[in-house]
Amino acid sequence: MKNNNYLDEFRDQLSEAYLDKYVKIQQYILNSNLFYDKKYECLEEILDLLLSAQMDGKSPEAVLGNDVKGFCLNILKSVHSENLSIRIGVSVIRGCVIAFVVGLFFYLMSLWFGETLYVSGGKVSILMTYGLGFGIPTVDAVIDAFIRNQIIKQGGCKFLKIKTKISIASSVLVGLIMGLIHGNLSKTMKLDILFVDLATLLIVPVVIFVMMMILMYIDHWGGFQFMLSEANKREIKRRRKAMLREGLFKKYQRKKASKEKRGKEFTIDDFKRRQEYEIKLAHIVFCLSLPLYLAFELFCIVNLLQDGLVGNNFMGIVLIVIIMLVIWCDLKFISFKNPQLKMLEELQ
Amino acid sequence: MQGRCAERKYHMEESQLLKGVLEGCVLAIIASRETYGYEIISILTEYGFDGIQDGTLYPVLTRLEKKKLISCRLGKSPLGPKRKYFSITEAGAQYLTQFKTLFSSITQRATAIIEKYGGKGY
């Protein structure tokens with residue numbers, strides 16, 4: 001909502017012809033499957049394009065072409081290719097998280113009401129968990145795509161106002177279908193295959209999340225070859241510095257906007273003072289938590305060597321790797337203190 | 001058969017030829033100075049590339065950024081909204097030099113063939 005109001009002040013500067021095009025583009029982008037902040041980033045870039053063209057006295061078609069849908073598709077294509085692997089990763093994790101939540105719900109229900117068709121021996125139905133986890137977002141994506149097409153073809157969509165209700169109804173429908181399929185399969189197949197335990201439901205998204213973080217980090221720094229190359233270490237340092245600088249500046253802008261909305265003044269010096277306090281406090285927290293992580297890691301390694309951790313070596317190894325990554329992140333955050341303080345000094 | 005072939009009309013679309021060249025043109029514009037999307041579109045349109053208003057520039061910029069040929073920073077535009085400014089990287093400058101050499105070589109060879117053999121007997 002804050003972002004939307006922020007863009008409205010620029011949208012209000014558009015003439016009627018430009019506004020008409022922008023409203024269509026806005027509806028299309030807002031109903032796309034981009035992440036929330038990416039949608040508004042896109043719209044802000046498009047607003048700048050339109051305002052620049054308007055200032056030069058050009059017609060909207062001069063910068064958008066005659067096909068608004070084609071324009072939007074190209075914009076979305078450029079954003080999607082930017083973060084395709086991240087989107088896929090997030091979609092998979094989201095599906096697994098929904099699966100875990102559904103599984104937990106059924107499991108808790110079984111504790112109160114006894115085991116049902118979908119819970120057996122402390123395990124929950126794979127179809128109900130992963131079926132809903134991936135089925136619901138898929139159906140949602142189809143509904144979004146339909147609404148976007150209607151917006152572009154007809155300038156609006158009568159289903160837009162009831163989109164939430166349609167999503168809820170379709171989710172219930174997906175649940176019923178999965179339930180029916182499970183019911184039919186359980187009559188003909190071995191029951192063990194149809195069920196999964198809660199621990200697996202929890203571990204799967206965590207492992208995928210960790211793998212995704214690793215891949216994103218490698219991708220961000222240009223791949224293994226780029227990262228390890230001596231000639232590119234300066235580029236890595238420069239980009240890290242630019243990223244920290246931009247992050248700080250964006251944070252200052254957000255806080256300033258928030259304070260000004262409440263009628264309070266907020267200068268760059270106020271921000272620097274507050275930020276310095278936050279950086280030092282965070283540094284203390286990271287330093288204090290490091291020995292705890294190290295102790296837990298040692299405990300897990302000792303248990304694994306004694307073959308005692310969760311009775312399963314693979315899970316033990318996974319846990320050790322995850323804690324190692326947490327320790328590595330902790331060390332990174334600890335090392336960020338001085339560069340951040342230096343960056344803060346240079347902020348203007 | 002000959003009659004049916006004579007009836008078909010094949011239209012060469014500018015976009016087919018443009019695909020290979022647009023990246024190089026955009027890179028050349030960015031190499032001259034730090035610039036942004038609207039300015040790039042304006043320069044391309046000024047030189048007759050009218051087909052790029054439909055947003056085709058943006059996937060090109062994303063591809064160039066992914067290949068680390070250009071870098072991007074977010075700045076504030078004089079009109080208010082945030083704006084992405086693009087500048088060329090070292091790798092991009094090298095790529096542009098190679099592109100200019102290759103493009104010049106291909107253009108010379110293609111022009112020579114078309115001038116010598118094209119249009120005869122038609």
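Scroll up a little and you will see the structure.
## Some remarks on the overall build of chain A
Right, on to step 1. In terms of regular secondary structure, chain A is built from 14 helices and three strands.
Right, on to step 2. Counting across all 348 residues of chain A, residues that qualify as buried make up 36%.

## Some remarks on the sheet that holds strand S3 (residues 195-197) of chain A
Residue and element names in this part refer to chain A.
Right, on to step 1. The strand order across the open sheet formed by three strands is S1-S2-S3, and the pairing between neighbours is antiparallel. Looking at which strands have only one partner, the edges of the open sheet turn out to be strand S1 (119-120) and S3.
Right, on to step 2. As judged from the three bridges shared by strand S2 (residues 123-125) and S3, these two strands associate in the antiparallel manner. Residue pairing for S3: Val 124 is matched across the bridge by Val 196.

## A look at the interface of chain A and chain B
Right, on to step 1. Counting from both sides, the interface comprises 35 residues of chain A and, opposite them, 22 residues of chain B.
Right, on to step 2. Linking chain A with chain B are three salt bridges, by the criterion used here.
Right, on to step 3. Of the charged contacts in the structure, one is a salt bridge between Lys 82 of chain B and Glu 44 of chain A, with a shortest N-O distance of 3.8 Å.
Right, on to step 4. Here chain A is connected to chain B by seven residue pairs in polar contact (both at pLDDT 80 or more).
Right, on to step 5. The dominant element in the side of chain A that touches chain B, judged by the number of residues it contributes, is helix H3 (residues 36-55) of chain A, at ten residues.
Right, on to step 6. Along the lines of polarity and charge, the residues of the side of chain A that touches chain B split into twelve nonpolar, nine polar and 14 charged.

## So, the side chain of Thr 35 of chain B
Residues and elements named next belong to chain B.
Right, on to step 1. Here Thr 35 lies in strand S1 (residues 35-36).
Right, on to step 2. One polar contact links Thr 35 to Glu 39, side chain to side chain, over a distance of 2.3 Å.
Right, on to step 3. Excluding its chain neighbours within four sequence positions, the residues that come into contact with Thr 35 are Ile 29, Ile 30, Ile 40, Lys 84, Tyr 85 and Phe 86.

## Section: the sheet that holds strand S3 (residues 82-88) of chain B
Residue and element names in this part refer to chain B.
Right, on to step 1. Reading across the sheet, the three strands line up as S1-S3-S2 and stay open at both edges, with antiparallel pairing between neighbours. Of all strands in the sheet, those bounded by a partner on one side alone are S1 and strand S2 (70-76).
Right, on to step 2. Sheet analysis places S2 next to S3, joined by seven bridges and oriented antiparallel. Paired with Gly 75 across the bridge in S3 is Arg 83.

## Some words on the packing of aromatic side chains
All names here are of chain A.
Right, on to step 1. Under the defined criterion, the tally for this structure stands at 13 aromatic pairs over all chains.
Right, on to step 2. Here the aromatic rings of Phe 286 and Phe 333 are separated by 5.0 Å at their centres, their planes lie at 15°, and the arrangement is stacked. Of this pair, Phe 286 sits in helix H12 (residues 268-305) while Phe 333 is found in helix H13 (residues 313-335), placing the two residues 47 residues apart along the sequence.
Right, on to step 3. Classification of Phe 286 as partly exposed rests on a relative accessible area of 24%.

Definitions and limits used
- Residues numbered from 1 in each chain as written.
- Chains lettered and ligands numbered in written order.
- Predicted model: local features only at pLDDT ≥ 70, side-chain atom pairs only at ≥ 80, totals over all residues.
- Heavy atoms only, no water.
- Helix = DSSP H or I, 4+ residues; strand = E, 2+ residues; numbered from the N terminus.
- Buried < 20%, exposed > 50% of the residue type's maximum accessible area, 1.4 Å probe, protein only.
- Pairing = 2+ DSSP bridges.
- Contact = heavy atoms within 4.5 Å.
- Salt bridge = Lys/Arg side-chain N within 4 Å of Asp/Glu carboxyl O.
- Polar contact = N/O pair within 3.5 Å; in protein donor to acceptor, adjacent residues only side chain to side chain.
- Nonpolar A, V, L, I, M, F, W, Y, C, P; charged D, E, K, R; others polar.
- Phe/Tyr/Trp six-rings, centres within 6.5 Å; stacked < 30°, edge-to-face > 60°.

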